[in-house]
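Each chain, written out:
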Amino acid sequence: MNRREAVQYISLLVGGTIVGSNYFLAGCTNPAANSMAFTPDDVSYLDEIAETILPATKTPGAKAAEVGKFMTVMVNDCYDADDQKTFHEGMDKLNKRCKDKYSKSFMDAAPQERHDLLAGLDKEVSDYQKQTYDHFKNLTPDQESEMTQKENHDGTNDINAMLKKDPNYYFKMMKELTLLGYFTSKIGCTEARRYVETPGRFDGCIDYHKGDKAWA
């Protein structure tokens, strides 16, 4: 799976466009970004968030794939300054939300408590996304044309701008980076999915059996 295929695949899973994907696809860094330092404790914290989203089952989970470290690289290299700020503040917001709900930090919370917390955040993000898309789905052709012209002229996308107003937008970032980091890692490609290093002949039609892994 190449970068573009990975981004398209994860976009389908999380809905919408992945933050920073333009720079990731181009294999370069965002020149407007100002890297904000992550500590080793931050990486461990992000690993646990990612592991809660993609836990180990029959295959290793996100922590084994070092997704926390991947997140820090993506945030520093591909996010603009505003998105970096949102992500860093989101780390604190998620921890505060956990303390408000369970009177303990995320790192001290039990696995089920972590799961329930993130499941609640995920639902809130999904509900906000649905409201946003519903707001734009009934635009007239003239309105759609005007919005497209605006985006082509100054790069402003009204849908993305509204999505970023979601108070839980930081969790959308964390979730999409978890999925992208995991399914582009060695573990994600070779263990979570079926992988053939040197493919043989092309088979245009292969029977699917329930539970079969997707091909990498």
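Keep in mind that what you see is a predicted model, and the values were worked out from it rather than measured. Numbers given for residues are sequential positions, taken from 1 along each chain in its written order. Local features in this predicted model are restricted to residues of pLDDT 70 or higher, and side-chain atom pairs are both shown and tallied only at a pLDDT of 80 or more, whereas totals for entire chains, interfaces and linings draw on every residue. Note that water and hydrogens are dropped before the side-chain values are worked out from all heavy atoms of the structure.

Student: Explain the nonpolar core here, please?
Tutor: Where a protein is soluble and globular, its nonpolar side chains tend to be buried together. Only buried residues count toward a nonpolar core. Its members are Ala, Val, Leu, Ile, Met, Phe, Trp, Tyr and Cys residues joined through side-chain atoms within 4.5 Å. Working definition: with a 1.4 Å probe on protein chains only, accessible area under 20% of the residue-type maximum means buried, over 50% means exposed, and in between means partly exposed. If you look at the biggest cluster of nonpolar residues, it comprises 41 residues, and the most contacted ones within it are Ile49, Phe87, Leu94, Phe106, Leu177 and Tyr182. Here a strand is any run of E in DSSP of at least two residues, a helix any run of H or I of at least four, and the numbering for each starts at the N terminus. When residues of this core are traced back to their parent elements, those giving at least two are α3 (40-53), α4 (67-78), α5 (81-102), α6 (111-136), α8 (158-163) and α9 (169-183). Excluding its chain neighbours within four sequence positions, the residues that come into contact with Ile49 are Leu94, Phe106, Leu118 and Met174. Residues are treated as being in contact if the distance between any of their heavy atoms lies within 4.5 Å.

Student: When you look at α6 in this model, what are you seeing that I'm missing?
Tutor: Residues spaced three or four apart along an α-helix point in a common direction, a consequence of the helix completing one turn every 3.6 residues. A helix's residues, less one, multiplied by 1.5 Å, set its expected span. Taking 1.5 Å per residue as the helical rise, α6 with its 26 residues ought to reach 38 Å, and the 38 Å between its terminal C-alpha atoms agrees with that figure. Every buried residue of α6 is accounted for by Glu113, Arg114, Leu117, Leu118, Leu121, Val125, Tyr128, Gln129, Thr132 and Phe136.

Student: Looking at this structure, I do not really get α4. What am I missing?
Tutor: Its 12 residues place the ends of α4 16 Å apart at the C-alpha level, agreeing with the 16 Å of an ideal helix rising 1.5 Å per residue. Of all 12 residues in α4, nine are buried; the element is thus mostly enclosed. Taken as a whole, α4 has its buried residues at Val67, Gly68, Phe70, Met71, Thr72, Met74, Val75, Asn76 and Cys78.

Student: Would you take a moment to explain the pattern of salt bridges for this structure?
Tutor: If the charged atoms of two oppositely charged side chains come close together, the side chains can form a pair. When a carboxyl oxygen of Asp or Glu is within 4 Å of a side-chain nitrogen of Lys or Arg, the pair counts as a salt bridge. Applying the stated rule across the entire model yields 13 salt bridges. The residue Lys175 makes a salt bridge to Asp122 at a minimum N-O spacing of 3.1 Å. Remark: Asp122 occurs in helix α6 and Lys175 occurs in helix α9; sequence separation between them is 53 residues. Classification of Asp122 as partly exposed rests on a relative accessible area of 24%. Close ionic contact of Glu176 with Lys172 constitutes a salt bridge, the shortest N to O distance being 2.9 Å. Placement of both Glu176 and Lys172 in helix α9 is noted, with a separation of four residues, approximately one turn of the helix. We classify Glu176 as buried; its relative accessible area is 0%.

Student: Before we go on, may I ask you to explain the packing of α5 against α9 in this structure?
Tutor: The description of two packed helices rests on the angle between their axes and on the distance between the axes. Between α5 and α9, whose axes approach to 8 Å, the crossing angle comes to 100°. By the criterion of interaxial angle, the relationship of α5 to α9 is roughly perpendicular. Between α5 and α9, the residues in contact are Asp83, Thr86, Phe87, Gly90, Met91, Lys93 and Leu94 and Tyr169, Tyr170, Phe171, Met173, Met174 and Leu177, respectively. Among the residues making up the contact of α5 with α9, the classes are represented as nine nonpolar, two polar and two charged. What counts as an axis is a line fitted to C-alpha atoms, over the stretch in contact for a helix, and the angles between N-to-C directions run from 0 to 180 degrees. What sets the label is the angle itself: under 35 degrees gives roughly parallel, over 145 gives roughly antiparallel, 65 to 115 gives roughly perpendicular, and the rest give oblique. Under the scheme applied, nonpolar residues are Ala, Val, Leu, Ile, Met, Phe, Trp, Tyr, Cys and Pro; charged residues are Asp, Glu, Lys and Arg; polar residues are all the others, including Gly.

Student: Explanation requested: the environment of Asp47 in the structure shown.
Tutor: With respect to the element layout, Asp47 can be found in helix α3. The exposure class assigned to Asp47 is buried, which follows from its relative accessible area of 12%. Those residues within four positions of Asp47 in sequence are excluded, and the remaining contacts are Lys63, Glu66, Val67, Gly68 and Lys69.

What is shown is where atoms sit, not what they do.
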